[in-house]
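Inside the fold
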Amino acid sequence: MRATPAESRAEAAGVRDWLAHNAWRIAALFVCLLLPLAGFVALADEIHEAESLHLDHALLWRMHGLASPALDAFFVLMSRLGYQWGVIPVDVLLVAALALRRRWRDTLVAASAFVGSALLNIGSKQLFQRERPSLWESIAPESTFSFPSGHAMGSMTLAATAVFLAWHTRWRWPVLFAAAVFVPCVGLSRVHLGVHYPSDILGGWCAALVWVTGVHVLLFRRRWTPSAAANP
């Protein structure tokens, strides 16, 4: 049965209202999902074809040129905070805290984001099998494959998950600020130590954003109706 003109106008008005109330969500989905996905695909294609990315070696040497005892110590600390001293303990504590507060959906989101990101990183490393940089002898050597960076991916996963969970609370801006400082420091530490190419870091960030955004959208999706659009 064809809709009457009045029904068509009401439906069109409902769509306009929904778009007006959800424009920021569409923009966030583009920035947090589509752009990182495109970036990861582009990087993965270059690495799969065993092509050398132009800026990788140049940026590695530029970071190495800044080396000093104080900077080395700082980036070693940030590297450890980006994995065994920071990210992993905080992942566990965050999931436990959410579970103790009986925030079951948040617990599921965080646990799925953390575990899935780790498994995705392991699988991606085995798929691409990119060798680590060997331009100089690192003070913190690694032996696993390089792409994508586990430190970059783990820190971005934690940061993005925390931002999503805190977005509708008074902690939104402090968490966002902490994430904006912590994630780049961890990524830079891996380049400074000579154990990752910059493209490994970008790949880890992109993969983490895609995964966390996908988990959040899947577990927090809400069915749309014209009546709901007027009362978001």
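You'll find the structure just up there.
These notes cover the structure that comes with them. All values reported here derive from a predicted model rather than from experimental measurement.

Parameters and conventions
Residues numbered from 1 in each chain as written. Predicted model: local features only at pLDDT ≥ 70, side-chain atom pairs only at ≥ 80, totals over all residues. Heavy atoms only, no water. Core = buried A, V, L, I, M, F, W, Y, C linked by side-chain atoms within 4.5 Å. Buried < 20%, exposed > 50% of the residue type's maximum accessible area, 1.4 Å probe, protein only. Helix = DSSP H or I, 4+ residues; strand = E, 2+ residues; numbered from the N terminus. Arc of directions from axis to C-beta. Contact = heavy atoms within 4.5 Å. Patch = residues over 30% accessible without salt bridge, like charges linked within 9 Å, V, L, I, M, F, W, Y side chains within 5 Å. Areas by Shrake-Rupley, 256 points an atom, 1.4 Å probe, with all protein chains shown as cover. Salt bridge = Lys/Arg side-chain N within 4 Å of Asp/Glu carboxyl O.

1. Re the nonpolar core
Phe40, Ala44, Phe128 and Phe147 are the most contacted members of the largest nonpolar core, which totals 16 residues. Every element with two or more residues in this core is listed here: helix 1 (5-48), helix 6 (150-166), helix 7 (172-192) and helix 8 (198-220). Ranked by size, the runner-up nonpolar core spans nine residues in total, among them Ala113, Phe114, Ala160 and Val212.

2. Some words on helix 2 (residues 54-65)
Of the residues making up helix 2, those classed as buried are Asp56, Leu60 and Met63. Down the axis, helix 2 shows its buried residues gathered within 70° of arc, on one side only. Set apart from the buried face of helix 2 by more than 90 degrees, the exposed residues are His54, Leu55, Arg62 and Gly65. As for helix 2, its buried residues are in contact with helix 3 (69-81), helix 7 and helix 8.

3. So, a nonpolar patch on the surface
Nonpolar side chains collect at one region of the surface, where Tyr83, Ile88 and Val92 lie side by side and expose about 280 Å² of accessible area between them. Mapped onto the fold, Val92 is located in helix 4 (residues 87-100). Here Val92 falls in the exposed class, since its relative accessible area comes to 54%.

4. Let's talk about the pattern of salt bridges
A side chain of one charge can pair with a side chain of the opposite charge when the charged atoms of the two come close. With the rule as written, the count across this model stands at four salt bridges. Between Arg130 and Asp56 there is a salt bridge, with the nearest N and O atoms lying 3.0 Å from each other. Of this pair, Arg130 sits in the loop between helix 5 (104-128) and helix 6 while Asp56 is found in helix 2, placing the two residues 74 residues apart along the sequence. Both residues of the pair, Arg130 and Asp56, count as buried. Taking the shortest distance from any N to any O, the salt bridge between Arg130 and Asp200 comes out at 2.7 Å. Linking Arg130 in the loop between helix 5 and helix 6 with Asp200 in helix 8, this pair joins segments that are 70 residues apart in sequence. Residue Arg130 is classed as buried on the basis of its relative accessible area, which comes to 12%. What makes Asp200 buried here is its relative accessible area of 0%. Several salt bridges share partner residues, and in doing so they unite Asp56, Arg130 and Asp200 into one network.

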